[in-house]
Amino acid sequence: IKESSPTSALRRIVIDAGHGGKDPGAVGPSGVLEKHVTLKLAKELAKELTRQIGCEVILTRDSDVYLPLEERTAIANKVGADLFISLHANANKSRKAFGIETYYLNFSKNDKAAAVAARENGTSLKQVSDLELILFDLMANAKINESSRLATEIQKSLVHRIGKKYSKVRDLGVRQGPFYVLLGATMPAILVEVGFLDHPVEGAELTEAVVQDQIAESIARAVAANLR
């Protein structure tokens, strides 16, 4: 699904709107679904990347459809993407949890990171730990160092820009996790948790067009800076 065609830049980026179709993802206090929030964000980010970089942007989905996790990076591999970004909104049993965090694929010994991966993967924590066996075979192609650098730039950009408008922005940092949606990517790949959709305040903010615009612009700026 092509969002734009470049005239000069050769870069190609695939943006993945998390969840979709029969998989709603997190649910906000007002009933808003993660799958709808991520789709709006993906479309805004595509526009920003086109505007700031002039690159070709491909969305894994541009409507409310279900895509198995393995198909998402398969799309990126098939089109020869230079970068894969998966967009998500977080959730937690405690409605007090809030903040922004960015992930890249790696072995996770962090319980919180494993819990996030378990939710996004739709698996148990035990199954998440079983992924380590698969990761041994994939580490060479996972572009870990490049992914780590980009994740750091994106996290910094998001916290800085969103923090200008909202004082209660929590920087949860850059983490490593065994996410199915990042497995098998042959290019740098990251997963962004833009905030907690089930938090009464942060969840409401994530549905605001101005906040979605800021998130998209922040990520695009970080990508542009990282590619120079």
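These numbers were taken from a predicted model, which means no experiment stands behind them.

## Quick word on the overall build of the protein chain
Helix and strand counts for the protein chain come out as seven helices and six strands. In the protein chain, the order of α-helices and β-strands from amino to carboxyl end is β-α-β-α-β-β-α-α-α-β-β-α-α. Among the 228 residues that make up the protein chain, the fraction classed as buried is 52%. Contacts spanning at least 24 positions in sequence make up 82% of the contacts within the protein chain whose residues lie at least 6 apart. Surface accessibility of the protein chain: about 10400 Å² in total, with carbon and sulfur atoms responsible for 52%.

## Concerning the nonpolar core
With 41 residues, the main nonpolar core has I15, L49 and V223 as its most contacted residues. Looking at this core, the elements that each hand over two or more residues are β1 (12–17), α1 (34–53), β2 (56–59), β3 (83–90), β4 (100–105), α5 (144–165), β6 (189–196) and α7 (209–227). Leaving out residues up to four positions away in the same chain, V223 has contacts with I13, L49, I53, L83, I85, L150 and I154. Membership of the second largest hydrophobic core comes to 19 residues, among which are L69, F84, A117 and V181.

## As for the layout of surface pockets
Here the largest pocket is characterised by a volume of approximately 290 Å³. Considering the residues around the largest pocket, the lining is formed by 16 residues, among which N92, E101, K112, V116 and F196 are closest to the centre. Breaking the lining of the largest pocket down by element, the ones donating at least two residues are β4, α3 (111–121) and β5 (171–177). Here the lining of the largest pocket is built from residues that sort into eight nonpolar, two polar and six charged. Taken as a whole, the second largest pocket holds about 220 Å³ of empty space. If you go around the second largest pocket, you meet 16 residues; those closest to its centre are H19, D23, E120, N121 and G122. Contributing elements (two or more residues each) for the lining of the second largest pocket: α2 (69–78) and α3. The leading source of residues in the lining of the second largest pocket is α3, at three residues.

## Here we look at the packing of aromatic side chains
One pass over the full model with this rule turns up one aromatic pair. Summarising the aromatic geometry, the rings of Y103 and F179 are spaced 4.9 Å apart at their centres and angled 65 degrees between planes, so their arrangement reads as edge-to-face. Taken together, the residues Y103 in strand β4 and F179 in the loop between β5 and β6 connect sequence positions 76 residues apart. On the accessibility criterion, Y103 (0% relative accessible area) is buried. The ring of Y66 is capped by K22, whose NZ or CZ atom sits 4.5 Å from the centre of that ring. Between the NZ or CZ atom of R170 and the centre of the ring of F98, over which it lies, the distance is 3.9 Å.

## Here's the deal with the pattern of salt bridges
Taken as a whole and judged by the stated rule, the model has eight salt bridges. The salt bridge involving R161 is made with E217; its shortest N-O contact spans 3.2 Å. In this pair, R161 sits in helix α5 while E217 sits in helix α7, placing the two residues 56 residues apart along the sequence. A salt bridge links E217 to R221; its shortest N-O distance comes to 2.9 Å. In this pair, E217 and R221 both sit in helix α7, four residues apart, roughly one turn of the helix. For E217, a relative accessible area of 16% translates into the label buried. Within this structure, R161, E217 and R221 form a network of salt bridges that share partners.

Parameters and conventions
- Residues numbered from 1 in each chain as written.
- Predicted model: local features only at pLDDT ≥ 70, side-chain atom pairs only at ≥ 80, totals over all residues.
- Heavy atoms only, no water.
- Helix = DSSP H or I, 4+ residues; strand = E, 2+ residues; numbered from the N terminus.
- Buried < 20%, exposed > 50% of the residue type's maximum accessible area, 1.4 Å probe, protein only.
- Contact = heavy atoms within 4.5 Å.
- Areas by Shrake-Rupley, 256 points an atom, 1.4 Å probe, with all protein chains shown as cover.
- Core = buried A, V, L, I, M, F, W, Y, C linked by side-chain atoms within 4.5 Å.
- 1 Å grid on protein atoms, 1.4 Å probe; cavity = no way out; pocket = protein on both sides within 12 Å on 5 of 7 lines; lining within 4 Å.
- Points joined across faces, edges and corners; volume = space filled by probe spheres on them.
- Nonpolar A, V, L, I, M, F, W, Y, C, P; charged D, E, K, R; others polar.
- Phe/Tyr/Trp six-rings, centres within 6.5 Å; stacked < 30°, edge-to-face > 60°.
- Lys NZ or Arg CZ within 6 Å of the ring centre and 35° of its normal.
- Salt bridge = Lys/Arg side-chain N within 4 Å of Asp/Glu carboxyl O.

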